[in-house]
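Understanding the architecture of this molecule
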Amino acid sequence: MMRKIYNFTFLMMALFIFSACEGEKGEIGPDGLDGEKGEQGEQGEPGQDGEDGFNFEISGFVKGTLEGTRKDGVAFTEAIEFTQKRSNEGF
């Protein structure tokens with residue numbers, strides 16, 4: 001009995017939600033006016049110094065060599081070694 005009441009209630013809610021949608025969407029209205037600029041907030045505490053503005057961590061390394069030819073036909077070889085990461089994601 002309780003299951004029938006639950007199913008009936010769910011069905012009625014679904015019908016109510018889908019019946020509230022009617023007609024096609026109209027044109028997008030004009031943009032509103034910009035508000036006035038607010039006051040400048042307080043200066044925050046300086047952050048920790050990092051390399052190039054980022055706070056990197058060292059965790060292992062990836063080493064390799066890139067070899068290829070540029071679009072103008074000049075061959076190149078470049079050794080790479082990544083020893084830093086930006087965040088804990090992926091590690």
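To start, this report covers the structure provided alongside it.

The rules behind the values
Residues numbered from 1 in each chain as written. Predicted model: local features only at pLDDT ≥ 70, side-chain atom pairs only at ≥ 80, totals over all residues. Heavy atoms only, no water. Helix = DSSP H or I, 4+ residues; strand = E, 2+ residues; numbered from the N terminus. Buried < 20%, exposed > 50% of the residue type's maximum accessible area, 1.4 Å probe, protein only. Contact = heavy atoms within 4.5 Å. Areas by Shrake-Rupley, 256 points an atom, 1.4 Å probe, with all protein chains shown as cover. Salt bridge = Lys/Arg side-chain N within 4 Å of Asp/Glu carboxyl O. Expected span 1.5 Å × (residues − 1).

**Description of the overall build of the protein**
The helix and strand tally for the protein stands at one helix and two strands. When the helices and strands of the protein are listed from N to C terminus, the series reads α-β-β. Going through the 91 residues of the protein one by one, you find that 1% of them count as buried. The long-range share in the protein, meaning contacts at least 24 apart out of those at least 6 apart in sequence, stands at 33%. Accessible area of the protein: about 9,900 Å², with a carbon and sulfur share of 54%.

**As for the pattern of salt bridges**
Tallying each qualifying case throughout the model produces one salt bridge. Here Asp72 ties to Arg70 by a salt bridge, and the two come within 2.8 Å at their closest N and O atoms. For Asp72, a relative accessible area of 52% corresponds to the exposed category. Classification of Arg70 by relative accessible area gives partly exposed; the value is 46%.

**As for helix α1 (residues 2–19)**
Between the first and last C-alpha of α1 there are 26 Å, a value that for 18 residues agrees with the 26 Å anticipated at 1.5 Å per step. Little of α1 is tucked away: zero of the 18 residues are buried.

Nothing here speaks to function; it is geometry throughout.
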